[in-house]
Amino acid sequence: MEEKTIQIAGSITVDELSKALGLSVTELIGTLFKNGIVATINQRLDFETASIIIDELGIKNVKLERKNTATKTSEGFRHELSEKAVSRPPVVAVMGHVDHGKTTLLDTLLHKKTVEGEAGGITQHISAYQLEHNDRKITFLDTPGHEAFAAIRQHGAMLTDIVVIVVAADDGVKPQTVEAIKFAQSANAKIIVAINKIDREGADIPRTMADLAQHGLQPEEWGGDIVMVPISAKRGDNLEKLLDMILLTADIEELKADVDIPAEGLVIESHMEVGKGSVVNLLVTGGELKTGEFIVAGSAYGKVRTMVDFKGKPKGKATPSTPVTVTGFKELPNFGDRFMEASDEKTARKMALFNAQSQADETASANVTSGDLLRMMNVADNTKTFNVIIKGDVLGSVTSVVDSLKLIDTKGEITLNIVSTGVGDINENDVYMAAGDNTVIYGFNVSVPINISKMAARDGVTIRTYRVIYELLDDAKHEMEDLLDAEIIEEDKGELKVLGVFRTEKTSIIAGGEVLKGDVKPEYLIRVVRDKKFLGEAKVTSVQKEKIDVKELVAGETGGLAIATKSRIDLQIGDRLNFFVREAKKRTL
C-alpha cells in the first residue's frame, strides 16, 4: 500500500486529522477517549500527540512530517518593497556565549556603561542602541547570552540583518556560540565574527578560526565568505574596522524600507512604571512612527503619548531600523508582538479586539500536547506536580523564565504547573493563589513589600527573589529534585553457606556457616536463597568467630550469625545467605 504523508505545522485539529487519515471523526475521538482525553472536533493536537494516536490506531501507511513555518515567521516583517523604498540603517544583533564580551563591546562603542546595572554582569533583556559611524547610523541589539534567554535571543535574530557573533580568543566556540550561529542562519542574517579578547594571555586566533570553521563558518582568509575581525572590546582594538565591515555588509545587502506606509515593527520589551504607566520598547521596521499616532500590538492598543530614543532624548518621529521607547498603551503588549499603526482610536480598538478574540479562540481550542497524552495513557501515573507563580520586572523576563523552566528535563516524573505569571512586585493576590498547595512564588528583578513577606510567612507560602536567572533556575531544579523518589541502590557484599542452624524463632535466627566470598558484617542485609529460590529477607545483628563477637568474617572463615527477620524463615543447612547493603540516593535532574 502506498505511503501517505501528512504535514503538520505546529498542530492539527481532530477534524483535520480524521480527514487526512480517512477515518470518521467519531472513531478518532473514541480512540482519544480510550486514552484519557475527552476531545472535541476542533481540539488541536500537537505533532507528537498525532504520532502517538496513529500508532495507537495501528495505521502503518501514514508518515507525519513537520511543516516548516520558520521562514514565514522571519519574513513576516520583510515585505515586498516598493520603488519608493529608501535606504535604512542595518539592524545588528550582538550574540555569543556568556562572558565573551558582547556588552563590553557595546559599552566601548557607545561610551556608555551598561553592564554595571546588570545583575551578575550578564545582560538580562534585549537592549537596543543606535550609533553613528562615518555619518551613518547602525542599530544594535544587545541580546542576552545565557542559555535561559533562548526565546529572547531568537526574537533578536528574527529582527536582524546582521549578526555579530562574539567569540573569546582565549575560550573558543561554546554551546551558546553554536546556538547563536544556528539562530543567525535560521533568520537568514549575514554573519560577522568578532574574535574578542585578543589582549588576553592564551588568546589563539588561528585556533578560534579553526573552531568556527568546524561549525560551518569559513573565514575569508581561508577561502570562505565569513568576515572575522580580531578585536579587544576592552581596549578598543580594531573596533573601527568592525564597524566598517558592518556598513560594507549593509551596502552589499542594499537594505531598504518603505516610509510612506503605516508604521509597523516589533515589541522588544514592555513593563510598567509608576507615573508613566506602560513603557514599551519598539523597533520600527517600516513607515514612520510619530507621537500622537494610534498603534496596536496584539490585544493591546494606545496612542503614542511620549517617544524617546535609547538615551532618553525625546523624538517626534522614528524611521525604519530605529529603536524607541513609547508610553500610551492602555495595557502591556506582549514581548515579540508585531505593532501596526491605526488610522484612529476606533480602528485601533477594533483591531485589538479582533486580535484578542483570535487569541481566545486559540486558547479555547486547547492544544493537547504529547506530554498530556502520555501522562493520561500511563495508568500507573505517579508524576508529582511542582506549582510555581512567576513575577518579573518586564514581560520578556517572565517569558524567558517560563520557557526555561519548561526546558528542565524532569524525566517525565515531575509536572511543572505555572499557576500564574505577571509583571510587577509580588502582591497579596500572588500569596492568596499560592496558599494551600505548596506553590513557590519566584520573583525576578522584583521586590517583596514587607507586608507581603509577613503575609506569606503567616500563610506558609515560599517566596524567592532573584536578579540572575540561572540562580532562579537552579533553585527550581533543586525543588523539583526534592520531589523525585529516591533511587534505591543495592551493593552485593558477600555470600555464606549455612552449615548449622542452632535456633529459629519468629523474628530471629542463630546460625553458622562458611563465608564463600566477600565478607559479613553486622547491619548487612541478607537474601535467603535455597536452590536459587528466594525465601525472604533478613538482617545481620551480630557476628561471632569462635564464640567471640567480631566486626567481620571474611571469605574462607567460618563463624556464627545472629539474624533478625520480619517474619519466620525456616532456615536449613545448605541454604545460601547473600549479603548486601541498600542505600537510598537522592536523584538529580
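Residues numbered from 1 in each chain as written. Predicted model: local features only at pLDDT ≥ 70, side-chain atom pairs only at ≥ 80, totals over all residues. Heavy atoms only, no water.

Here 6 strands make up a closed barrel; going around it, the order is β13-β14-β19-β17-β16-β20 and the pairing antiparallel. Sheet twist, expressed as the mean angle between neighbouring strand axes with direction ignored, is 45°. Here strand β16 (residues 294-297) pairs with strand β17 (residues 300-308) via 4 bridges, running antiparallel. Bridge assignment links V296 to a residue of β17, and that residue is Y301. (Pairing = 2+ DSSP bridges. Helix = DSSP H or I, 4+ residues; strand = E, 2+ residues; numbered from the N terminus. Axes fitted to C-alpha atoms, helices over the stretch in contact; angles between N-to-C directions.)

Compared with the 18 Å implied by 1.5 Å per residue over 13 residues, the 18 Å span of helix α12 (residues 395-407) between its first and last C-alpha is a close match. Every buried residue belonging to α12 is among L395, G396, S397, V398, S400, V401, V402, S404 and L405, and all of these are buried. (Expected span 1.5 Å × (residues − 1). Buried < 20%, exposed > 50% of the residue type's maximum accessible area, 1.4 Å probe, protein only.)

Time to look at the sheet that holds strand β23 (residues 440-444). Strand order in the open sheet formed by 4 strands is β22-β21-β23-β24, and the pairing between neighbours is parallel. Bordering the open sheet on either side are β22 (414-423) and β24 (462-466), each of which pairs with just one other strand. The mean inter-strand angle of the sheet, taken between neighbouring strand axes irrespective of direction, is 25°. Relative to β24, β23 is paired through 5 bridges, and the arrangement is parallel.

So, on to the nonpolar core. Side chains that are nonpolar tend, in soluble globular proteins, to be buried together. By size, the foremost hydrophobic cluster in this structure holds 27 residues, and its most contacted members are L105, I138, F140, I192 and I246. Here the element with the most residues in this core is helix α9 (residues 239-253); it accounts for 7 residues. Listed in part, the 26 residues of the second largest apolar core include A128, I181, L266 and L283. (Core = buried A, V, L, I, M, F, W, Y, C linked by side-chain atoms within 4.5 Å.)

Before going further, it helps to spend a moment on the side chain of S321. The topology assignment puts S321 in the loop between β18 (317-318) and β19 (323-329). Residue S321 is classed as buried on the basis of its relative accessible area, which comes to 3%. A polar atom in the side chain of S321 sits 2.8 Å from the backbone oxygen of P89. S321 has contacts with R88, P89, V91, Q130, T139, L283 and V284, leaving out every residue within four places of it along the chain. (Polar contact = N/O pair within 3.5 Å; in protein donor to acceptor, adjacent residues only side chain to side chain. Contact = heavy atoms within 4.5 Å.)

For the rest of this paragraph, the subject is the confidence of the model for the protein. Residues with a pLDDT of 70 or more make up 86% of the protein, whose mean pLDDT is 84. Note on residues 68-78: pLDDT under 50 across the span, and 12 contacts to partners over four residues away in sequence or across chains. Low pLDDT, under 50, characterises residues 375-381; the stretch is placed with 9 contacts to residues that sit more than four places away or in other chains. (pLDDT = per-residue confidence, 0-100.)

This part covers the pattern of salt bridges. If you walk through the whole model with that rule in mind, you get 31 salt bridges. R338 is the partner of E264 in a salt bridge, and the nearest nitrogen-oxygen pair spans 2.9 Å. On the criterion of sequence distance, the pair formed by E264 in strand β13 (residues 264-273) and R338 in strand β20 (residues 338-342) is long-range, its members being 74 residues apart. A salt bridge links E273 to K276; the shortest N-O distance between them is 3.6 Å. Look at E273 and you get partly exposed, because its relative accessible area is 31%. Within the structure, one salt-bridge network assembled from shared partners comprises E490, D492, R527, E537 and R582. (Salt bridge = Lys/Arg side-chain N within 4 Å of Asp/Glu carboxyl O.)

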